[in-house]
Amino acid sequence: MTEVFRRLKYWTESAKRSEALREEMELHVAEKAAELEADGMTAALAQAEARRRFGNVALKQEESREIWMTRFLSELGQDVRYGGRTMIANKAFSALAVLSLALGIGANTAIFSLMESILLRSLPVADPESLVVLNWHSRPPQNASKQWEHVVHGIQGMFWPGDKGSLITGIFPYGAFETLRQENRVFSTLFGYFSGRTRNLAIRGQATSASAEYVTGEYFRGLAVSPAAGRLIDTEDDRPGAAPVAVISFATSQNRFGGPSNAIGQPVLVDNVPFTVIGVTPPEFFGVDPTVAPDLYLPLHTNLLIDGAGAARMYDDKNFYWIEIMGRLRPGVTMAQAQAVLAPRFHQWVETTAKTDGERAKLPALMLNPGAEGLGSLRRQYSKPLYVLLAMVGLILAIACANIANLLLARAAARRREMAVRLSLGAGRFRVVRQLLTESVMLASLGGAFGVFFAIWGVRTLTFLFSRGQENFTLHAELNWKVLGVTAALSVVCGLLFGLAPAIQSTRPDVMPALKNSRGSGPRRRAQHVLVVSQIAMSFLLLVAAGLFVQTLSKLHSVQLGYARENILLFTLNALQAGHRDPEITTFYADLRRRFEAIPGVSSASLSHSSIINAGFAGAAIRGTMKIGAVTVEGARVMAAGPRFFTTMQVPILAGREIDDRDQPGSTPVAVISERLVRTYFGNENPVGRRITFPEENRDLEIVGVSANLRYGGLKNGDASSMTVFAAVSQLSPSRITYALRTAGDPLMYVKSVQEIVRQADSRIPVTNVVTQAGEIDRTISREITFSKLCTGFAVLALLMACVGLYGTMSYNVARQVGEIGIRMALGAQRGAVVWMVLRRVLLLAVVGLAISVPAALIASRFVKSFLFNTQPNDPGTLALAGVVLLSAAILAGYAPARRASRIDPLAALRQE
Amino acid sequence: MGRKAQKNDSLPGSLDMLILRTLSLRDLHGYGIVQFIQQSSDNELLVEEGSLYPALQRLELNGWIDGVWGVTANNRRARIYKITAAGRKQLALETRQYAKLTLAIARVMGAE
């Protein structure tokens, strides 16, 4: 062991040692020369003589170095050369092995690099380990009568579900932030931020939409980010009344100003409020959430300018939760220590904000989390799917390894004589095993190298699949050194894994029978069968998974929408952000609609406060309870729609009329209601002419029509035939509007005309969220689409590999049984019987594999239950189908060897024996 | 240096022993080792420079000697070798074997 260590040390110090050796030899020559000179030679002669006597310095150096390299290296060289020759001699085998490994390793690398970028990477800031995120959790907010009773009275931000309805979140009232900020014993900085959502960013009259982040004055100092140009937001900038300044991202500075330095000092309009650009963030900086990557950073208090007076309330209201907080720990302070200091402080503060005993009973409790990875909403969203995918590609790699182990076992039989000869000539068993392992690791390394190419392609495809539908998808998975290191390690482990068993098998010390040319023995055959059975079992798992996901997707696609899916173009405009105000904004939108409708090829155009599929997230157009007469309507949704909405969306009008141009801001407020709402609250009565009232909003709508039912919200959790109230958008003073155009041919062909019309109307308004209705719907089920595509691919791959394994094993078995089959045929066995003899074994292997994996599939499929829609994890149809596919594939793979067996010429077979 | 000195290849492997023996008396650099062997053998044994350095590397690899940078009598930087405990053990072993071998050779030669 110490020797190995010394050698390793030598390699690491190789250059230094070489230099030392040279110096040592030079000294030797010099001393010799000095001695000769002392004996009476001239200096020059002495030099020459000393050098002559010493000989070739370089060669001597070489010889001295070789002492260290010794046997290990030379043997490795031998093994590699020999392995190379063997690989070249078995081209088909090597190609097959390398290809299947490349696929397996490539798939693993691709998934891992995605995981690495989502789950493992740190924020690109200095010393990310000392950053902590502040979160809190509390018991479920509802009281005994299911009413919300909690210190949280209002929020702007996100909760994510904890266990059993408990609350977990990272948003706090501003008061809590101010209180905690005083605890500077544990934090060097505590800073806050909150999403400024999408803003209209106008630069020199050109408007685009930009994602903004409001940050406190300590934000950039806390993250320890240095500007690419200019300066970053400071405490002085984040005060009410300070000059409005903005920091933009590196990408924005390049796209909009042609470089960071050009942007400094430039005036910009954010939702029509003038700001001055003071700095640019460095290129690698993406804020604190890898999925958001803001284009624009604004001082927190500038929301008073942009969001108006309503924002002032956010600072004073102790029960309104909105600001997110991160802190940088002082050196030497642990997260646990910081939590011990902060949690009681927060508790003390939050207790003063509770108004009832019910609220006091479930106060939020502060907890700290590591901030190094950032907030990772993507992490929460994708961590489970990624683990599922990783499990699948892991299975594929296992199948590939089993395949190669199988092929190697078969080949080991062929090389048995070679090994026996080498062993009997005195080669150490360890030495032979090592040589075989070198061969398999070489195969695996080649597989890994090619796998990297598959991975590059795979990462691109996966990023595309995951980003599907997200305009500003900022995740960029890449093959960095960490990922490549894992790939390399994986390759070596695979090589050892599939190489070890065959290597040990083929060097079993029973040399004599092998030399006597006996045919293969029991254990190897058993090993092969175990491998085939496990391959079949694993492929079955993947087949079941694919079946479940494909079924989920087809169930989702067959969901009844109640409105048109194809030939509709959607896009969003926000005239409010460009400075349009009531009542002009209503005519502005209405006028645009008419212009869109005039585009040749557009049969109708309409507008609504949101696309139907996203209506659940966009919020209702009118808030508060609604009543029909004295009866409160429960569970109905409100959607603001414009003229020709039902025509455009192809929703039939069953009675009355649809909303049209007659419905102006000044005229009678109208509504169209869905059939289910009519059935529930009017029975068989005709509701046209009746009224719906919104007492809190002081609104009274006259029902003018009845529409067919349509699905409101997403496919998975939307309401199948919800009760919907469509109000006239023109009578509701809208802010953001989503237009829908019914087009002839591909809707995306009309985007240019739309942009031109909007630019003419007001160049300050960007056209955003341009998407087809079908695309918008698919976006809501992108995960299911991704999964079913990937899984189908994986399952086909696995099945193919398992079939190759089965084919290889059966071919080998048949080759070995030539004599036996020959005798049987000579004794009168029919060809059919021989075919059956081989196929029976194939079926036996397949059935054993199935018997093992059906229970495994039943257990494993429970883990993916949350990914399924209207599909049971133990769906018998899917299981049966997967079984049938697997058995057919097995028979197909086994048929060729079986046929070959039946074609054996008894005479030739017996002669060979 | 009039007459031809004997090279040390009459007994293969004895160079290692000679180096270890030399270093067991005092720490020396490469050239010093050559000098010492030459002088203490009355110029009978001439160490070939070419085989000295590989031998030193080999001994160091085996952990029998240790080289550290130091300064020679002429005040030049040189690698000074010293013998390790393992080296002393090895020297004792080789000395015993050598004694056995020479005794055996002497017997054979005496039986002439």
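Remember, predicted model here, so these are calculated numbers, not experimental data.

**Q** Would you mind going over the overall build of chain B in detail, with residue names and values included?
**A** Across its full length, chain B holds four helices and five strands. Scanning chain B from its N terminus toward the C terminus, one meets helices and strands in the order β-α-β-α-β-α-β-β-α. Looking at the 112 residues of chain B, the share that counts as buried comes to 44%.

**Q** Can you explain the packing of aromatic side chains? Please cite residues and give values.
**A** Counted under the stated rule, the structure contains 24 aromatic pairs over all chains. Ring centres of F172(A) and F346(A) lie 5.4 Å apart, and the angle between their planes is 80°; on these two criteria the pair is classed as edge-to-face. Residue F172(A) is found in strand β5 (residues 171-172), and its partner F346(A) is found in helix α12 (residues 335-351); the two are separated by 174 residues along the sequence. Look at F172(A) and you get buried, because its relative accessible area is 0%. Put simply, the rings of Y174(A), F177(A), F194(A), Y214(A), Y315(A) and W322(A) touch in pairs and so form one group of aromatic residues. R313(A) extends its terminal NZ or CZ atom over the ring of F320(A), reaching a point 5.0 Å from the ring centre. Positioned over the ring face of W69(B) is R77(B), at 3.8 Å from the centre of the ring.

**Q** Could you give an account of the nonpolar core, with specific residues and numbers?
**A** All names here are of chain A. Core analysis: the biggest nonpolar cluster contains 68 residues, and L389, M392, F540, F549 and L806 have the highest contact counts within it. For this core, the elements supplying multiple residues, two or more each, are α5 (91-120), α14 (377-414), α16 (429-467), α19 (522-557), α26 (782-816), α27 (818-826), α28 (831-860) and α29 (876-902). When residues in this core are grouped by element, the largest group, 13 residues, is from α26. Within the second largest apolar cluster, 56 residues are counted, among which are V186, F187, I203 and V273.

**Q** Summarise the pattern of salt bridges; cite the residues concerned and give the values.
**A** Between side chains of opposite charge, a pair can form when the charged atoms approach closely. Under the definition given, this model contains 28 salt bridges over all chains. Across the pair R313(A) and D317(A) runs a salt bridge whose closest N-O atoms are separated by 3.7 Å. A residue is classified by how much of its surface remains accessible, and D317(A), at 24% relative accessible area, is partly exposed. For D16(B), the salt bridge goes to R58(B), with nearest N and O atoms at 3.1 Å.

**Q** With reference to specific residues and values, describe the side chain of T22(B).
**A** Residue and element names in this part refer to chain B. Mapping T22 onto the fold places it in helix α1 (residues 14-25). Residue classification places T22 among the buried residues on the basis of a relative accessible area of 2%. From its side chain, T22 meets the backbone oxygen of L18 in a polar contact 2.6 Å long. Beyond its immediate sequence surroundings of up to four residues, T22 is in contact with L28, I33, F36 and I37.

**Q** Could you give an account of the sheet that holds strand β5 (residues 77-83) of chain B, with specific residues and numbers?
**A** Residues and elements named next belong to chain B. Taken in spatial order, the three strands line up as β2-β5-β4 in an open sheet, and their pairing is antiparallel. Each edge of the sheet is formed by a strand with only one pairing partner; in this case those strands are β2 (28-29) and β4 (65-71). As paired strands, β2 and β5 are joined by two bridges and run antiparallel to one another. Paired with L28 across the two strands is Y81, which belongs to β5. The strands touched by helix α3 (residues 49-61) are β4 and β5; relative to β4, the strand with the most contacts, the crossing angle is about 120°.

**Q** How would you summarise the interface of chain B and chain A if you had to cite specific residues and measurements?
**A** With 26 residues of chain B at the contact, the number on the chain A side is 22 residues. The contact between chain B and chain A buries some 2300 Å² in all, and 56% of this surface belongs to carbon and sulfur atoms. Interface area lost by chain B to chain A is led by Y31(B), Y53(B) and L61(B), which between them contribute 33%. Our enumeration of links across chain B and chain A arrives at one salt bridge. For R77(B), the salt bridge identified is with E23(A), shortest N-O distance 3.1 Å. Counting every contact that joins chain B to chain A gives six residue pairs in polar contact (both at pLDDT 80 or more). The set of elements that each furnish at least two residues to the side of chain B that touches chain A consists of α2 (30-40), α3 and β5 of chain B. With ten residues, α3(B) is the single largest residue contributor to the side of chain B that touches chain A. Its residues assigned to classes, the side of chain B that touches chain A comprises eleven nonpolar, nine polar and six charged.

**Q** Pulling in residues and values, what's your account of the environment of R77(B)?
**A** Relative to the helices and strands, R77(B) resides in strand β5. Looking at R77(B), the relative accessible area reads 46%, which means it is partly exposed. R77(B) sits 48 residues away from H29(B) along the chain, and the two C-alpha atoms are 9.9 Å apart. Among residues more than four places away in sequence, those in contact with R77(B) are E23(A), L27(A), W69(B) and G70(B). Separated by 3.1 Å, the side chains of R77(B) and E23(A) make a polar contact.

About the thresholds
- Residues numbered from 1 in each chain as written.
- Chains lettered and ligands numbered in written order.
- Predicted model: local features only at pLDDT ≥ 70, side-chain atom pairs only at ≥ 80, totals over all residues.
- Heavy atoms only, no water.
- Helix = DSSP H or I, 4+ residues; strand = E, 2+ residues; numbered from the N terminus.
- Buried < 20%, exposed > 50% of the residue type's maximum accessible area, 1.4 Å probe, protein only.
- Phe/Tyr/Trp six-rings, centres within 6.5 Å; stacked < 30°, edge-to-face > 60°.
- Lys NZ or Arg CZ within 6 Å of the ring centre and 35° of its normal.
- Core = buried A, V, L, I, M, F, W, Y, C linked by side-chain atoms within 4.5 Å.
- Salt bridge = Lys/Arg side-chain N within 4 Å of Asp/Glu carboxyl O.
- Polar contact = N/O pair within 3.5 Å; in protein donor to acceptor, adjacent residues only side chain to side chain.
- Contact = heavy atoms within 4.5 Å.
- Pairing = 2+ DSSP bridges.
- Axes fitted to C-alpha atoms, helices over the stretch in contact; angles between N-to-C directions.
- Buried area = accessible area lost by both parts, 1.4 Å probe.
- Nonpolar A, V, L, I, M, F, W, Y, C, P; charged D, E, K, R; others polar.

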